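What the coordinates show
For reference, the chains in residue letters:
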Amino acid sequence: WSFVYDFESDTTMKMSAYVSIAFGLLVIIQSLLINKRRMNFVRFASDVSAACAVIFAVMYLISSYHVNRTKTALAWDFCAYGICSLGIQLTDAYTFLNRYRAVTQISKWKLWLTHLYIIFVIVLPNYSTVFFLPLFLDMNSTFGAYFGLYVFIIVLWGTIGYNLYFTAEFLYLAHHLNKKQEAFTDNLNVLKWITYKSLIHCATSSIANLLLYWYLSFDAIMFNMVIVFGIHFLF
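Residues numbered from 1 in each chain as written. Predicted model: local features only at pLDDT ≥ 70, side-chain atom pairs only at ≥ 80, totals over all residues. Heavy atoms only, no water.

Note that Thr159 resides in helix H5 (residues 142-179). Given a relative accessible area of 5%, Thr159 falls into the buried group. Along the chain, Thr159 and Tyr117 lie 42 residues apart, while their C-alpha atoms are 9.6 Å from each other. (Helix = DSSP H or I, 4+ residues; strand = E, 2+ residues; numbered from the N terminus. Buried < 20%, exposed > 50% of the residue type's maximum accessible area, 1.4 Å probe, protein only.)

Below, the structure is given as structure tokens:
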């Protein structure tokens, strides 16, 4: 799993990397100034995704300097596309679930089903390909390349399906909350605000995934920034 990406000719992604480092550090600093020592899930997700975006960009710059296959495999494939992408994908997926639980109750079976979906559809196919399959299969072969592409498609549409499911859930909640004639809680406006922002998060996450697949100028570093922006500034 060590295709040598043409780092030197890709000036657009290099610029994105510098912007991503600055943006991620600003998010972490702002989070520290706003929250100080107070920790909650949203802050944790924002800080982790921002840190992963920064490290991802740094690994890209390291990989693009004096390119060689070993450095590409370790810094780019394993650390950037492996560990950092996993951190961003998990924080994005669990932000949906956390915000949903913030506005309504969720049954135990639905909660466990969501956990299993994240593990077996969003996480396991892609990251078993990155971390484990290269130990047993030549991922640079034709079969390995096609296998990696099919896995990417499964994860892409699995993630979009996950986003659309929560879009439907949040739309139902928004409709239900707006139908209430009388406020059943003092936090009704807060619940509505979380629901509306969650719908925007559904849209930004889905659009970012689609752009990453179909629009060649929208690279992985830009994708990371959109996800970090959605988590940090919406919540």
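Having seen the model, we can carry on.
Before going further, it helps to spend a moment on the pattern of salt bridges. One pass over the structure, following the stated rule, counts 2 salt bridges. Where Arg43 meets Asp47, a salt bridge forms, and the shortest distance between an N and an O atom there is 3.2 Å. You can see Arg43 and its partner Asp47 sitting in helix H2 (residues 41-64), 4 residues apart, about one turn around the helix. A single burial state applies to Arg43 and to Asp47, both of which are buried. When the shortest N-O distance is used, the salt bridge between Lys110 and Glu169 registers 3.3 Å. Of this pair, Lys110 sits in helix H4 (residues 108-131) while Glu169 is found in helix H5, placing the two residues 59 residues apart along the sequence. (Salt bridge = Lys/Arg side-chain N within 4 Å of Asp/Glu carboxyl O.)

Its location among the elements puts Arg99 in helix H3 (residues 69-103). Each residue touching Arg99, except ones within four places of it in the same chain, is listed here: Val42, Phe170, Ile194, Ser198 and Phe235. (Contact = heavy atoms within 4.5 Å.)

Before going further, it helps to examine the packing of aromatic side chains. Scanning the model with the defined rule gives 19 aromatic pairs in all. Ring geometry for Phe56 against Trp76: centres 5.3 Å apart, planes inclined by 65°, an arrangement best described as edge-to-face. Here Phe56 is found in helix H2, whereas its partner Trp76 is found in helix H3, with 20 residues between them in sequence. Three or more aromatic residues joined by ring pairs make a cluster, and in this case those are Phe96, Tyr100, Tyr117, Tyr162, Tyr165, Phe166 and Phe170. (Phe/Tyr/Trp six-rings, centres within 6.5 Å; stacked < 30°, edge-to-face > 60°.)

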